[in-house]
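So the chains spell out like this:
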Amino acid sequence: MAEDELLVFREHWKQELTIKNEAHSNCNVTLQPSREGSKLKRYFEDFGQNRSEPEKIQDSTSQGSSKGGQDAFLSAAKTPNEDQPEYVSIAEGLLDGRTSPLLERIQEERTRRKRQYHSLTSACNTSQQQPQRKINKGDKLVDQLIQDLNETNDIPFFDIELPYELALKIFQYLSRTELGRCAQVSKAWGVLAEDEVLWFRMCQTESYHHGASVSDSPCWKSMLRDCRNSENTVRSNWKNRVGSISQLQYELGKVLCDVSSCDSYVVAGYTSGDVRLWDTLHWDSAASFLKPSPLMADVTPRPHVSHIRVNNTVAVAAYDDGCVDVWSTETGQEPVHHFQIPGRVHALALSLESPTLATAAGLDVRLDQPDERGYWRTLCQATLPKPVESVVMVPWAGGRGGDSVPLVALSAGETVFLLAPEDLEPRVLHTIYGHPITCLDASASHAALGVKSCGWAMNDGGNKIHVYSLETGQSEMSVGNSAGDFSCVNLRDSPPHMLICGNKDRRVRVFDLRTGSSVTSLYAHHMGVTSVQADDWKIVSGGGEGLVCVWEMRMGAKLWEMHNRHPVRHLRFNTSTLVTANIPDEKSPRGACITDDDLTAHRRHRGVICHYDFSEDSTSQDHVLPICRSNYVESSGYNYNIGLAVPYDILSGCHPSH
């Protein structure tokens, strides 16, 4: 009974729908399908296409014979009519109970239309305004790469975005630690912090790989890391005395007179008049004997070598009779220049940057330099009112570049003069009557001189070191206030704004030139300090008793010491090497025979030159005792140092230079 009523209801509803359809068609009313109606229409069309006519007939015949007519009618009614409105199709779908597929179809259609709308909108914006930021799937790989690069071109800085070049300029002011922290902020900052330009400039700032370009290394960050690791290893070798020590070959029966060294050469002069040159970088088979001038070859006995100097291009030796010879370090053998000065040479100075030579004998001073063709000529000559005691070449004075103007600082009694080729007379830099100059040194911008106070001036604090500006010629400060005489001062090879000096009161002092205050004061040598040099973390000092001491500047602690007979008259070090020379004061010892048949007397009076190598690849020889290779932490082994590896009685076969 319920089924019959349902069929009657459906039939009545269909008739009403048919009447309304005819009324709309008569009035010629066109209904615009909405979005949902079009979706439903497509759904019913697809549903009608999916169900073929034979399937519908088969379904209707399988219902039974009693309902055949009704099912055939319903089957015919289910056939889609193209002229039917969309709401008729909706109603038919509702009557058939097909609601779940309808909702899925509507959702899919909404998604498709939304994607189509966004694609059309973005296409319009691209043609009218600017290129889109996101690239579609159909674009090429090169276009994708270009857009990726453009996206990283703007670096986010808080609430703004800066161009890559401007952000790189900001990052140049950061340290290594700050760059590492910035690399952890974001991906964009990480890319910026790894830029090769930043790490290349950092290498240049820390004095690594001078003269290199950015393209010389694929990873400058790794280069900087390797350089710093090597530097830390060399520093550890310095502190623990790990490395090799060599005694440069001495001359049997001859006493050492003077020694000079630079970065790659060591030159020595003897009482026999011989001059020897060592190349410490390549260690050739034997030290070169620099032959004297042919004018002196027949002179017997040959005069002693009074002064000797060397730089990377030339070596100079001055003799007691006033002769001066100049050799080339590349060719050696015969001198390239020779001249004679009346009287004995009292002071000799050689510029480390150029082959410019200053000699002083008595009251006379002369300045020599080769021209562009290599011919030596005298730049200027001057006569001072008092004998010259010391001469110092001012490094890179005057102009910079290819044509540098040489400038010489001279001390004579209580006066310090400045001599330049363009000056008619030497200029007075400092003078105090009755207060003699005890030591002198100069850098490119300043001159430091030790002044001995006498009489009433001792009540003003004692002896002092005066620092003058070479540009203005005015005194900038006075430091010291010591009861003892200042025996040595080092301004040229010291760290910036630092001054290191030694005194006869046994102390080594370090001063800060920015404030004039004392940085450290070390009780070093009981017979007075004879030579001193320092860098940013260590101090190396030599004393009259023959000790060479290495100090840690910040803590003021002695790291280690080495002892040899005779005062330390020459001391110079660089990053990984140290050259020291113990030169006897007595050149002709009384009551002792230093000939070949008396080795004991020879060892006692000859002097010694030591070369220390603390480089990373240096290894100790097999014959060095185990206690000599220790780190000297224990107090019992402190005095047993690596000097035992080269005792005085080993005359040959202990070094490649032999």
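Just above sits the structure.
Since the structure is predicted, the reported quantities are computational estimates derived from the model, not experimental observations.

Q: Whenever I open this one, the overall build of the chain confuses me. Can you help?
A: Scanning the chain from terminus to terminus reveals 13 helices and 34 strands. Buried residues in the chain amount to 44% of all 658 residues. For the chain, contacts bridging at least 24 residues in sequence account for 46% of all contacts bridging at least 6.

Q: Even after reading the chapter, I still don't get the sheet that holds strand β10 (residues 323-328), so can you show me in this structure?
A: Sheet strands line up and pair through hydrogen bonds in the backbone, either parallel or antiparallel. Here four strands make up an open sheet; going across it, the order is β8-β9-β10-β11 and the pairing antiparallel. In this open sheet, the two strands that pair with only one neighbour each are β8 (305-310) and β11 (337-340). Pairwise comparison of adjacent strand axes, ignoring direction, gives a mean angle of 15 degrees for this sheet. Relative to strand β9 (residues 314-319), β8 is paired through five bridges, and the arrangement is antiparallel. Residue pairing in the sheet places H307 in a bridge with A318 of β9.

Q: Which parts of the structure should I look at to understand the sheet that holds strand β18 (residues 415-419)?
A: Strand order in this open sheet of four strands is β16-β17-β18-β19, and the pairing throughout is antiparallel. The open sheet has two edge strands, β16 (390-393) and β19 (427-431), and neither has a second partner. Here the average twist between neighbouring strands, direction ignored, is 20 degrees. Relative to strand β17 (residues 408-412), β16 is paired through four bridges, and the arrangement is antiparallel. In the strand pairing of β17, S390 is matched with S411.

Q: Is there a simple way to explain the packing of aromatic side chains in this structure?
A: Enumeration over the complete set of coordinates arrives at seven aromatic pairs. Taking 5.6 Å as the distance between ring centres and 80 degrees as the angle between the ring planes, the aromatic pair formed by F171 and W189 counts as edge-to-face. Of the two residues, F171 is situated in helix α8 (residues 164-171) and W189 in helix α10 (residues 187-193); the sequence distance between them amounts to 18 residues. Residues F171 and W189 agree in their burial class; the two are buried. Taking the centre distance of 6.1 Å and the plane angle of 50 degrees together, the rings of W560 and Y612 count as tilted. Highlighted residues: W560 in strand β31 (residues 557-563) and Y612 in strand β34 (residues 608-613), separated in sequence by 52 residues. Each member of the pair, W560 as well as Y612, is classed as buried. Put simply, the rings of W238, W560, F573, Y612 and F614 pair up and form one aromatic cluster. Against the face of F339 rests R366, its NZ or CZ located 4.2 Å from the ring centre.

Q: I tried to follow the pattern of salt bridges on my own but got confused; where do I start?
A: Where charged atoms from two side chains of opposite charge approach closely, those side chains can pair. On inspection of all chains with the given rule, the structure shows 18 salt bridges. D274 is the salt-bridge partner of R302, the closest N and O atoms lying 3.2 Å from each other. Within this pair, whereas R302 is found in the loop between β7 (288-290) and β8, its partner D274 is found in the loop between β5 (265-270) and β6 (275-279), the two being separated by 28 residues in sequence. Residue classification places D274 among the buried positions, given a relative accessible area of 15%. Put simply, K558 and E561 hold a salt bridge, and the shortest N to O gap is 2.9 Å.

Q: Help me out: how do you make sense of the pairing of strand β33 (residues 577-582) in this one?
A: Side-chain positions along a regular strand alternate between the two faces of the sheet. Burial of β33 is extensive: six of the six residues sit out of reach of the surface. Of the strand pairs in this sheet, strand β32 (residues 568-573) and β33 are connected by five bridges, and their pairing is antiparallel. Paired with H570 across the two strands is A581, which belongs to β33. The pairing of β33 with β34 spans six bridges and is classified as antiparallel. Bridge pairing links N582 to V608 in β34.

Q: Would you mind going over helix α11 (residues 196-205) with me for this structure?
A: Since the α-helix advances by 3.6 residues per turn, residues separated by three or four positions end up pointing in the same direction. Residues L198, W199, F200, M202 and C203 constitute the buried set of α11. Tucked inside the fold, the buried residues of α11 contact α8, α9 (176-182), α10 and α12 (220-240). Backbone geometry just downstream of α11 places S207 in the positive-phi region, at approximately 65 degrees.

Q: So what exactly am I meant to see when it comes to α12 here?
A: Here α12 contains 21 residues, and its C-alpha end-to-end distance of 30 Å stays within 8% of the 30 Å for a straight helix at 1.5 Å per residue. Taken together, the buried positions of α12 are W220, L224, C227, V234, N237 and W238. Taken around the axis of α12, the buried residues stretch over an arc of 145 degrees, which confines them to a single face. At the exit of α12 stands R241, carrying a positive phi of roughly 55 degrees.

Q: Hey, could you run me through the pairing of β10 in this one?
A: Among the six residues in β10, six count as buried, and that is most of the element. Here β10 shows two buried faces, one formed by C323, D325 and W327 and the other by V324, V326 and S328. For β9 and β10, the ladder comprises five bridges, and the chain directions are antiparallel. What sits directly across from V316, in β10, is V326. Here β10 pairs with β11 via four bridges, running antiparallel. From the neighbouring strand, V326 faces β11, where its bridge partner is H337.

Q: It is not clear to me how the environment of L440 should be interpreted in this structure. Could you clarify?
A: Note on placement: L440 falls in strand β20 (residues 437-442). Residue classification places L440 among the buried residues on the basis of a relative accessible area of 12%. The sequence separation of L440 and V489 amounts to 49 residues, and the corresponding C-alpha distance is 6.5 Å. Every residue in contact with L440, bar those within four places of it in the chain, is listed here: S390, V392, A409, L410, S411, V416, A448, L449 and V489.

Q: For this particular structure, what's the right way to read the packing of α11 against α12?
A: Packed helix pairs are specified by the crossing angle of their axes together with the interaxial distance, meaning the distance between the axes. Where α11 contacts α12, the two axes come as close as 8 Å, and the packing angle between them is 30 degrees. One finds that α11 runs roughly parallel with respect to α12. The way α11 lies across α12 gives a crossing that is left-handed. Of the residues in α12, those touching α11 at E196, W199, F200, M202 and C203 are W220, K221 and L224.

Thresholds applied
- Residues numbered from 1 in each chain as written.
- Predicted model: local features only at pLDDT ≥ 70, side-chain atom pairs only at ≥ 80, totals over all residues.
- Heavy atoms only, no water.
- Helix = DSSP H or I, 4+ residues; strand = E, 2+ residues; numbered from the N terminus.
- Buried < 20%, exposed > 50% of the residue type's maximum accessible area, 1.4 Å probe, protein only.
- Contact = heavy atoms within 4.5 Å.
- Pairing = 2+ DSSP bridges.
- Axes fitted to C-alpha atoms, helices over the stretch in contact; angles between N-to-C directions.
- Phe/Tyr/Trp six-rings, centres within 6.5 Å; stacked < 30°, edge-to-face > 60°.
- Lys NZ or Arg CZ within 6 Å of the ring centre and 35° of its normal.
- Salt bridge = Lys/Arg side-chain N within 4 Å of Asp/Glu carboxyl O.
- Expected span 1.5 Å × (residues − 1).
- Arc of directions from axis to C-beta.
- Parallel < 35°, antiparallel > 145°, perpendicular 65-115°, else oblique.
- Left-handed = near helix turned anticlockwise from the far one by under 90°.

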